[in-house]
Amino acid sequence: MLSTPVPRWIAGVLGAGTLLLLRWLETRKPLRRLVEPKLRREARNVVVAGVSAIALVLAERPIVMPLAALVERKEWGLLRQFGFPLWLEIGVALVLMDYSFYIWHVLMHRVPLLWRFHLVHHVDLDLDASTALRFHFTEMLASIPWRAGQVLLIGLTPFTFSIWQGVFLVCILFHHSNIELPISWERWLNKLIVTPRMHGIHHSIVERETNSNWSSGLTLWDWLHGTLRLNVPQAEVTVGVPAFQEPKVVTLPRILAMPFEHLPPSWNFPNGSAPEPHGSAAPQSVLLP
Ligand SMILES: [Zn+2]
């Protein structure tokens, strides 16, 4: 059973169902006011996602899936050293994937070359479920060696890897979505997992705020690393990157070309000034509405 991944159609139905549900909620109860027309942005994000999906099918799948099958056959990796029951193996695999993804996300921001790729995700002027799919294909290609390392070191089988893919997709669709949950629910939920308001702060134009809330599943990693920042009200968050705040610099052709171009310093406006940070410098606080 472990050697067979979860059928692709299940992941497809799960992803599409989650996206449609969140999309419906976004129109009923939006959290942040939109800067650009929603349909135009969504169409742009879907094209970026489509190119990345092709890159994943052509380059990631032929490497990572056979590697996971090999890991299982040869009993490589951490998880293969314990005879865990399946439920525990899946649980531990998800936690370890989540933590290693936290580290990868930090690297995407800290390593200048990787930031060029991840920038395309952050220059979206609004944040909604479609942003969760908007990753430049260069980011997808750069992540293949990291993903292979995760599979090898953690010891993922094709089955556990495909479970992680499904869970990860639902998590990122949810925390990028522009839905206003009741603040009391979200505070409660946020003690465990990354929520829309928490991730909204990561997409702020303020550098200090972007350099926080790097977790994508469990909130725990930001809490442990002291990078959890909750004290910014959503109404004060301007989404994007200061150097790219004009809609004309984030059109589809511009963002597809972005990783290959000469880029201005990200965290200053074109006039050289930097946006004002919100709240106190101490990162941890209570999630604000
Ligand atoms: Zn990021």
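Residues numbered from 1 in each chain as written. Predicted model: local features only at pLDDT ≥ 70, side-chain atom pairs only at ≥ 80, totals over all residues. Heavy atoms only, no water.

Novice: What's the story with the overall build of the chain in this structure? I'm lost.
Specialist: Scanning the chain from N- to C-terminus turns up eleven helices and zero strands. Helices (α) and strands (β) of the chain occur, in sequence order from the N terminus, as α-α-α-α-α-α-α-α-α-α-α. In terms of overall size, the chain behaves like a compact globule, its C-alpha atoms giving a radius of gyration of 19 Å where 289 residues would be expected to give roughly 19 Å. Taking as baseline every contact in the chain between residues at least 6 positions apart, the subset at least 24 positions apart corresponds to 76%. (Helix = DSSP H or I, 4+ residues; strand = E, 2+ residues; numbered from the N terminus. Rg over C-alpha atoms; globule rule 2.2 N^0.38 Å. Contact = heavy atoms within 4.5 Å.)

Novice: Even after reading the chapter, I still don't get the nonpolar core, so can you show me in this structure?
Specialist: Burial of nonpolar side chains together is a common tendency in soluble globular proteins. Core analysis: the biggest nonpolar cluster contains 30 residues, and L22, M97, V151, L156, F161 and W164 have the highest contact counts within it. Residue assignment for this core shows that the elements contributing at least two residues are α2 (38-74), α3 (86-110), α4 (112-122), α5 (137-155) and α6 (158-176). Sort the elements by how many residues they give to this core and α6 lands first, with six residues. Leave out the neighbours within four places in its chain, and F161 touches E60, V64, M65, M97, R147, V151 and L156. (Core = buried A, V, L, I, M, F, W, Y, C linked by side-chain atoms within 4.5 Å. Buried < 20%, exposed > 50% of the residue type's maximum accessible area, 1.4 Å probe, protein only.)

Novice: Explanation requested: the coordination of the zinc ion in the structure shown.
Specialist: As a benchmark, a tetrahedral metal site with four donors has ideal angles of 109.5 degrees, while an octahedral site with six donors has ideal angles of 90 or 180 degrees. Here the zinc ion is held by the protein donor atoms H105 (NE2), H109 (NE2), H118 (NE2), H122 (NE2) and H202 (NE2), which lie 2.2 Å from it. Site description for the zinc ion: donor spacing in sequence, H-x3-H-x8-H-x3-H-x79-H. Remark: H202 occurs in helix α8 (residues 196-202) and H122 occurs in helix α4; sequence separation between them is 80 residues. Among the residues examined, H122 registers a relative accessible area of 1% and is labelled buried. (Donors = N, O, S within 2.8 Å, 3.2 Å for Na, K, Ca; no water.)

Novice: What's the story with the packing of α4 against α5 in this structure? I'm lost.
Specialist: The relative placement of two packed helices comes down to the angle between their axes together with the axis-to-axis distance. The N-to-C vectors of α4 and α5 enclose an angle of 135°; their axes lie 7 Å apart at closest approach. Considering their axes alone, α4 and α5 lie oblique with respect to each other. Seen from above, α4 lies across α5 with left-handed handedness. Judged by residue contacts, L114, F117 and H118 of α4 engage T138, E139 and A142 from α5. Taken together, the residues of the contact of α4 with α5 sort by class into three nonpolar, two polar and one charged. (Axes fitted to C-alpha atoms, helices over the stretch in contact; angles between N-to-C directions. Parallel < 35°, antiparallel > 145°, perpendicular 65-115°, else oblique. Left-handed = near helix turned anticlockwise from the far one by under 90°. Nonpolar A, V, L, I, M, F, W, Y, C, P; charged D, E, K, R; others polar.)

Novice: I would appreciate a short explanation of the side chain of S143 in the present structure.
Specialist: With respect to the helices and strands, S143 occurs in helix α5. S143 gets classed as buried once you look at its relative accessible area, which sits at 3%. Within the local environment of S143, its side chain forms a polar contact with the backbone oxygen of M140, the two atoms lying 2.8 Å apart. (Polar contact = N/O pair within 3.5 Å; in protein donor to acceptor, adjacent residues only side chain to side chain.)

Novice: Before we go on, may I ask you to explain the packing of aromatic side chains in this structure?
Specialist: All chains considered together, the criterion is met by nine aromatic pairs. Arranged with centres 5.7 Å apart and planes meeting at 35°, the rings of F161 and W164 form a pair that is tilted. Within this pair, F161 and its partner W164 are both found in helix α6, separated by three residues, close to a single helical turn. The two residues F161 and W164 agree in class, both being buried. One aromatic cluster in this structure is built from F101, F161, W164 and F168. (Phe/Tyr/Trp six-rings, centres within 6.5 Å; stacked < 30°, edge-to-face > 60°.)

Novice: Before we go on, may I ask you to explain the pattern of salt bridges in this structure?
Specialist: Oppositely charged side chains may form a pair once their charged atoms are brought near each other. Tallied over the full model, the rule gives 14 salt bridges. Ionic pairing is found between D124 and R41, a salt bridge with its closest N-O pair at 2.8 Å. Here the residue D124 occupies a position in the loop between α4 and α5, and R41 occupies one in helix α2, the gap between them amounting to 83 residues. Neither residue differs from the other here; D124 and R41 are each classed as buried. For D124, the salt bridge identified is with R134, shortest N-O distance 3.5 Å. Of the two residues, D124 sits in the loop between α4 and α5 while R134 sits in the loop between α4 and α5, which places them ten residues apart along the sequence. Judged by its relative accessible area of 0%, R134 falls in the buried class. What you see here is one network of salt bridges that share partners, running through R23, E26, K38, R41, E42, D124, D128 and R134. (Salt bridge = Lys/Arg side-chain N within 4 Å of Asp/Glu carboxyl O.)

Novice: What exactly am I supposed to notice about the environment of E276 here?
Specialist: Considering the arrangement of structural elements, one finds E276 in the segment after α11 (252-257). Residue classification places E276 among the exposed positions, given a relative accessible area of 65%. Taking the C-alpha atoms as reference points, E276 and R208, 68 residues apart in sequence, are found 9.9 Å from one another.

Novice: In this structure, what is going on with the side chain of Q234? I would like to understand it.
Specialist: Structurally, the position occupied by Q234 is in the loop between α10 (220-225) and α11. Overall, Q234 belongs to the buried group, its relative accessible area being 3%. In this structure the side chain of Q234 is engaged in a polar contact, spanning 2.8 Å, whose partner is the backbone oxygen of R197. Residue contacts for Q234: discarding those within four places in its chain leaves L31, R32, R197, G200, I201 and P289.

None of the figures reported here should be taken as evidence of function without further support.
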